[in-house]
Amino acid sequence: MATWTDEKARGALLEMFNAAVRSADPHVNLSAALPEPPKGRCIVVGAGKASGAMAAALESAWSDVPISGVVVTRYGHAVATQHIRIIEAAHPVSDSMSEVASMLILDAVKNLTPDDLVIALISGGGSALMALPRNGITLSEKQAVNKALLRSGATIQEMNTVRKHLSDIKGGRLAYAALPAKVVTLVISDVPGDQPAYIASGPTVPDQSSYEQALEILRRYSIELPESVAHVLREERHAVSERDIETDVRMIATPAKALHSAAEVARRMGVTPIILGDSLEGESAQLGIVMAGIARSVKYHGQPVTAPAVLLSGGETTVTIGSGIAKQGGRNTEFLLSLANALAGEEHIWALAGDSDGIDGTEDAAGAFVSPSTLARAIERGLSGKNMLAEHDSYTFFSGINDLIKTGPTLTNVNDIRAILIG
């Protein structure tokens, strides 16, 4: 145990995190998933935090194939491309550019033929970035519903179920608009279970959910709806089904692959990795308490593995704000602050958690680092871990002790990567 220091543990955990992110680099994975070039036109569309990098990777792989199109990504995530137009829009709440991008994407797939090919580049974040409200709903009304969902603690699947039923481009409607062209969807998954229908709300995938399910979700979280939104959800409308479109979805990166890449790095270090799952959900603070218990079990009882070991997990937790005022923080820093409080300075346990896209929530950090000295150093600076957790002010806490992890936008997104090292 004595061989591990805070500095060594931080470096090891950061190396695991970086390996997980590199495994989802479109420039590494995209070319192998490409179909045969078409006889006719090749139109590229897409949405998500990784869509710009995916577009650049596609242009590099198909440098001799004439292509055109448009994709939308988050502000600050655009890259240089030659033929595919990249638009930036807001995340996690849509803005006017999200609507403009949606209209341009639909326009790009008009008047195609069976000889044409549409390649859809889809990654996490695409649901907010590509927003086209149903007829009768304004963008501001849809924004209000989305903000309420984000504060409610709803899961990403629940949020995207609602979003699909308020959209004229999600839930398979983009693929339907591209008929009779062939549509191939290349996906970087950020959702538990890697279900294409939930990633960016499935713009090219048939919708299996119902309007009744969307309404039930909104009722369960006590979200008040503008009358126009309630009216649209009450109406019987046609959902795009498997009878309407053919689907060819190809996963190029997933949370599970990312965790396995981190595990390989751990093994090379002589640390035993345990992958607890790629789709952990629930409240960030509660997961922190649970993970602290598992880490202690490893340290004291050698269960489920003996130290040195690292507990790896992925997925997307939630932070329920409710009607309170949230300060600064994302789900990863909230998880870590809860973990630190629960460990209470436990020796020989360190942790790092971060969003693989480099942005934890709306802040400029991917996540943060926890060590046995975290709470003691915070107290020296007048910071209370328990109070700041209650105020959802985890970013300020870790910033105050210089333990934020800042990578900048990584241009990919396979959701959160959590690693707890027991030395």
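Per an unreviewed UniProt entry, the protein goes by the name Glycerate kinase and belongs to Rahnella victoriana.

Draft legend 1. Representation of the environment of Thr-247 in the model. Positionally, Thr-247 belongs in the loop between helix H10 (227-234) and strand S6 (249-253). Exposure remark for Thr-247: the relative accessible area of 45% places this residue in the partly exposed category. Expressed as a C-alpha distance, the spacing of Thr-247 and Val-183, which sit 64 residues apart in the sequence, is 7.1 Å. If sequence neighbours within four positions are ignored, Thr-247 has contacts with Thr-204, Val-205 and Pro-206.

Draft legend 2. Local environment of the packing of aromatic side chains. Taken as a whole and assessed by the stated rule, the structure comprises two aromatic pairs. A ring pair is formed by Trp-4 and Trp-350, whose centres lie 6.4 Å apart and whose planes are at 45°; its orientation type is tilted. Here Trp-4 is found in the segment before helix H1 (6-22), whereas its partner Trp-350 is found in strand S9 (residues 349-355), with 346 residues between them in sequence. Taken individually, Trp-4 and Trp-350 each receive the classification buried, so the pair is uniform in this respect. Ring centres of Phe-397 and Phe-398 lie 5.1 Å apart, and the angle between their planes is 85°; on these two criteria the pair is classed as edge-to-face.

Draft legend 3. Quick look at the pattern of salt bridges. Inspection of every chain in the model, using the stated rule, returns 18 salt bridges. Among the ionic pairs, Lys-110 bridges to Asp-107, the shortest N-O distance being 3.7 Å. On the accessibility criterion, Lys-110 (47% relative accessible area) is partly exposed. Put simply, Arg-220 and Glu-216 hold a salt bridge, and the shortest N to O gap is 2.7 Å. In this pair, Arg-220 and Glu-216 are both assigned in helix H9 (residues 211-220), four residues apart and thus about one turn of the helix distant. Residues joined by salt bridges that share partners form a network here, namely Glu-316, Arg-331, Asp-355 and Asp-416.

Draft legend 4. Examining the packing of helix H6 (residues 139-152) against helix H7 (residues 156-165) more closely. In the contact formed by H6 and H7, the axes pass within 10 Å of each other and the chain directions differ by 170°. The angle between H6 and H7 places the two elements in the roughly antiparallel class. Two secondary-structure elements touch here, H6 through Lys-142, Val-145, Asn-146, Leu-149 and Leu-150 and H7 through Met-159, Val-162 and Arg-163.

Draft legend 5. Local environment of the sheet that holds strand S4 (residues 117-123). Pairing within the open sheet is parallel, and its six strands lie in the order S3-S2-S1-S4-S5-S6. If you trace the sheet from one side to the other, it starts and ends with strand S3 (84-89) and S6, each paired once. On average, each strand axis in the sheet is tilted by 20° relative to the strand beside it, whichever way the strands run. Of the strand pairs in this sheet, strand S1 (residues 42-47) and S4 are connected by six bridges, and their pairing is parallel. Bridge pairing links Val-45 to Ala-120 in S4. Contacts from helix H3 (residues 51-61) reach S1, strand S2 (68-74), S3, S4, strand S5 (182-188) and S6, with the element oriented near 140° to S4. Those strands touched by helix H4 (residues 96-108) are S1, S2 and S3, and its axis lies near 155° from that of S3.

Draft legend 6. Highlighting the pairing of S2. With respect to burial, S2 is a largely interior element, six of its seven residues being buried. With five bridges connecting them, S1 and S2 associate as parallel partners. Looking at S2, one finds that Ile-43 is bridged to Ser-68. Of the strand pairs in this sheet, S2 and S3 are connected by six bridges, and their pairing is parallel. Paired with Thr-73 across the strands is Glu-88, a residue of S3.

Reading the values: rules and limits
Residues numbered from 1 in each chain as written. Predicted model: local features only at pLDDT ≥ 70, side-chain atom pairs only at ≥ 80, totals over all residues. Heavy atoms only, no water. Helix = DSSP H or I, 4+ residues; strand = E, 2+ residues; numbered from the N terminus. Buried < 20%, exposed > 50% of the residue type's maximum accessible area, 1.4 Å probe, protein only. Contact = heavy atoms within 4.5 Å. Phe/Tyr/Trp six-rings, centres within 6.5 Å; stacked < 30°, edge-to-face > 60°. Salt bridge = Lys/Arg side-chain N within 4 Å of Asp/Glu carboxyl O. Axes fitted to C-alpha atoms, helices over the stretch in contact; angles between N-to-C directions. Parallel < 35°, antiparallel > 145°, perpendicular 65-115°, else oblique. Pairing = 2+ DSSP bridges.

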